[in-house]
Amino acid sequence: MEKKHGLPEIEIIALDQEEDRDRQVVNILMRKYFKVIKHLFNSYSNSGFSTENKDTFASFGKKLATINTAELWKLLQDYEVSKFVNRDEFKVLIKNVNTQLMERYEMTNLTFHGFEHFLIQFSIFAFGRPPKNLGHLPIFVSVEELFRIFRDVTHKKRKSTVLYDDPDATEMGDKELNKYMN
């Protein structure tokens, strides 16, 4: 659906207005994958070029605490999920998450909390229509599918999937080798 100005109209799903089951399971999934989310945010935020002035520690700290649209689009491309949305839909999702859920009037950056909301809204929108339509299933299925794709791509790149497989793991690497070395 498009408005007069040509941008897509994307409805943001407020989890607090959804069924208890959906809200609770989404919250469980977000807690389960918290380390993954934090790792992705830290890996991609401040990874690209920025025209912002970083003269002071405060401005540099502010930049480190946000992820911009270019960095977020790169994340979606690297994890092979950018194919589920176009650039306009992507930008509208960021704007809507900031304005409707975060009550921030920033159009190009997301805080960590906004990034968490973005992942939820992205999965609901991207997997609520073809080619991978999960819209007839509960919301948490779409969120889980996003993390499944992230895990599969991580595995395909021959990187460790321990944060996906065992989110409570405190040590990376081979457990038996770590035990032997300590």
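The structure this text deals with has already been given above.
Anyway, here's the lowdown on the structure attached to this text. Quantities reported herein were computed from a predicted structural model and do not represent experimental measurements.

**Comments concerning the overall build of the protein**
When its secondary structure is counted, the protein shows nine helices and two strands. Secondary structure elements of the protein, listed N to C terminal, follow the sequence α-α-α-β-α-α-β-α-α-α-α. For the protein, the residues scored as buried account for 42% of the 182 residues in total. By sequence separation, contacts in the protein at least 24 residues apart represent 59% of the contacts at least 6 residues apart. Put simply, the protein shows about 11,000 Å² of open surface, and 52% of that area lies on carbon and sulfur atoms.

**Quick look at the pattern of salt bridges**
Per the stated rule, a full pass over the model turns up ten salt bridges. Taking the shortest distance from any N to any O, the salt bridge between Arg-129 and Glu-89 comes out at 2.8 Å. Highlighted residues: Arg-129 in the loop between α6 (112-126) and α7 (139-156) and Glu-89 in helix α5 (residues 87-101), separated in sequence by 40 residues. The salt bridge involving Glu-145 is made with Arg-148; its shortest N-O contact spans 2.5 Å.

**Things to note about the environment of Val-81**
Mapped onto the secondary structure, Val-81 falls in the loop between α4 (69-78) and α5. Residues Val-81 and Leu-146, spaced 65 residues apart in sequence, show a C-alpha to C-alpha distance of 8.1 Å. Those residues within four positions of Val-81 in sequence are excluded, and the remaining contacts are Leu-76, Phe-122, Leu-146, Ile-149 and Phe-150.

**With respect to the side chain of Thr-161**
Relative to the helices and strands, Thr-161 resides in the loop between α7 and α8 (162-165). Within the local environment of Thr-161, its side chain forms a polar contact with the side chain of Asp-165, the two groups lying 2.7 Å apart. The contacts of Thr-161, once residues within four sequence positions are left out, are Arg-151, Thr-154 and His-155.

**Topic: the packing of helix α1 (residues 20-32) against α7**
Put simply, α1 and α7 touch, their axes get as near as 8 Å, and they point 20° apart. Taken together, α1 and α7 sit at an angle that is classed as roughly parallel. In the packing of α1 onto α7, the handedness of the crossing is left-handed. Listed contacts from α7 to Arg-21, Asp-22, Val-25, Val-26, Leu-29 and Met-30 of α1 are Ile-139, Phe-140, Val-143, Glu-144 and Phe-147. Classifying every residue of the contact of α1 with α7 gives eight nonpolar, no polar and three charged.

**Section: helix α2 (residues 34-44)**
One turn of the α-helix equals 3.6 residues, which is why residues spaced by three or four share an orientation. Of the positions making up α2, those classed as buried are Val-36, Ile-37, Leu-40, Phe-41 and Tyr-44. Along the long axis of α2, the arc covered by the buried residues comes to 130°, so they all point the same way. One or two positions beyond α2, positive phi appears at Asn-46, with a value near 65°.

**A closer look at the packing of aromatic side chains**
Counting across every chain of the model gives eleven aromatic pairs. Ring plane angle 70° and centroid distance 5.1 Å describe the contact between Phe-84 and Phe-127, whose orientation is recorded as edge-to-face. In this pair, Phe-84 is assigned in the loop between α4 and α5 and Phe-127 in the loop between α6 and α7, connecting sequence segments 43 residues apart. Arranged with centres 6.0 Å apart and planes meeting at 90°, the rings of Phe-90 and Phe-118 form a pair that is edge-to-face. You can see Phe-90 sitting in helix α5 and its partner Phe-118 sitting in helix α6, a full 28 residues away along the chain. This pair shows no difference in class: Phe-90 is buried, exactly as Phe-118 is. An aromatic cluster of three or more residues is present, and its members are Tyr-33, Tyr-79, Phe-147, Phe-150 and Tyr-164. In this structure, Lys-38 packs its charged tip against the face of Phe-112, placed 4.5 Å from the ring centre.

**Comments concerning the nonpolar core**
Judged by nonpolar contacts, the single largest core of 51 residues is most densely connected at Phe-115, Phe-118, Phe-122, Phe-147 and Phe-150. The leading source of residues in this core is α6, at nine residues.

Definitions and cut-offs
- In every chain, residue numbers begin from 1 and rise along the written sequence.
- Only residues with pLDDT of 70 or above have their local features reported here, since the model is predicted, and side-chain atom pairs are shown and tallied only from 80 upward, although totals for entire chains, interfaces and linings are computed over all residues.
- The basis for every side-chain value is the complete set of non-hydrogen atoms in the structure, without hydrogens or water.
- The way it works is that DSSP assigns letters per residue, a run of H or I at least four long becomes a helix, a run of E at least two long becomes a strand, and they are numbered from the N terminus.
- Partly exposed residues are those whose accessible area sits between 20% and 50% of the maximum for their type, while under 20% is buried and over 50% is exposed, using a 1.4 Å probe and protein chains only.
- What makes two residues a contact is simply this: any of their non-hydrogen atoms within 4.5 Å.
- Exposure was quantified through the Shrake-Rupley algorithm and a 1.4 Å probe, taking into account, for residues, occlusion by the shown protein chains and nothing else.
- Think of a salt bridge as a Lys or Arg side-chain nitrogen and an Asp or Glu carboxyl oxygen that are within 4 Å of each other.
- In the analysis that follows, any N or O atom pair within 3.5 Å is treated as a polar contact, provided that within protein one partner can donate a hydrogen and the other can accept it, and provided that, for residues neighboring in sequence, both atoms belong to side chains.
- The angle between two axes is taken between their N-to-C directions and runs from 0 to 180 degrees, where each axis is a line fitted to C-alpha atoms and a helix contributes only its stretch in contact.
- Geometric relationships in this document are graded by angle, where less than 35 degrees denotes roughly parallel, more than 145 denotes roughly antiparallel, 65 to 115 denotes roughly perpendicular, and other angles denote oblique.
- Crossing handedness follows the turn of the near helix against the far one: under a right angle anticlockwise gives a left-handed crossing, and clockwise gives a right-handed one.
- Residues are sorted three ways: Asp, Glu, Lys and Arg are charged, Ala, Val, Leu, Ile, Met, Phe, Trp, Tyr, Cys and Pro are nonpolar, and all the rest, Gly among them, are polar.
- It is the directions from the helix axis to the C-beta atoms that the arc portrays.
- Only rings of Phe, Tyr and Trp enter the pairing, Trp through its six-membered ring, and a pair is recorded when the two centres are within 6.5 Å. The plane angle decides the type: under 30 degrees is stacked, over 60 is edge-to-face, the rest tilted.
- We call a charge positioned over a ring when the NZ of a Lys or the CZ of an Arg lies within 6 Å of the ring centre and within 35 degrees of the ring normal.
- Here, nonpolar core refers to any group of buried Ala, Val, Leu, Ile, Met, Phe, Trp, Tyr and Cys residues whose side-chain atoms link them within 4.5 Å.

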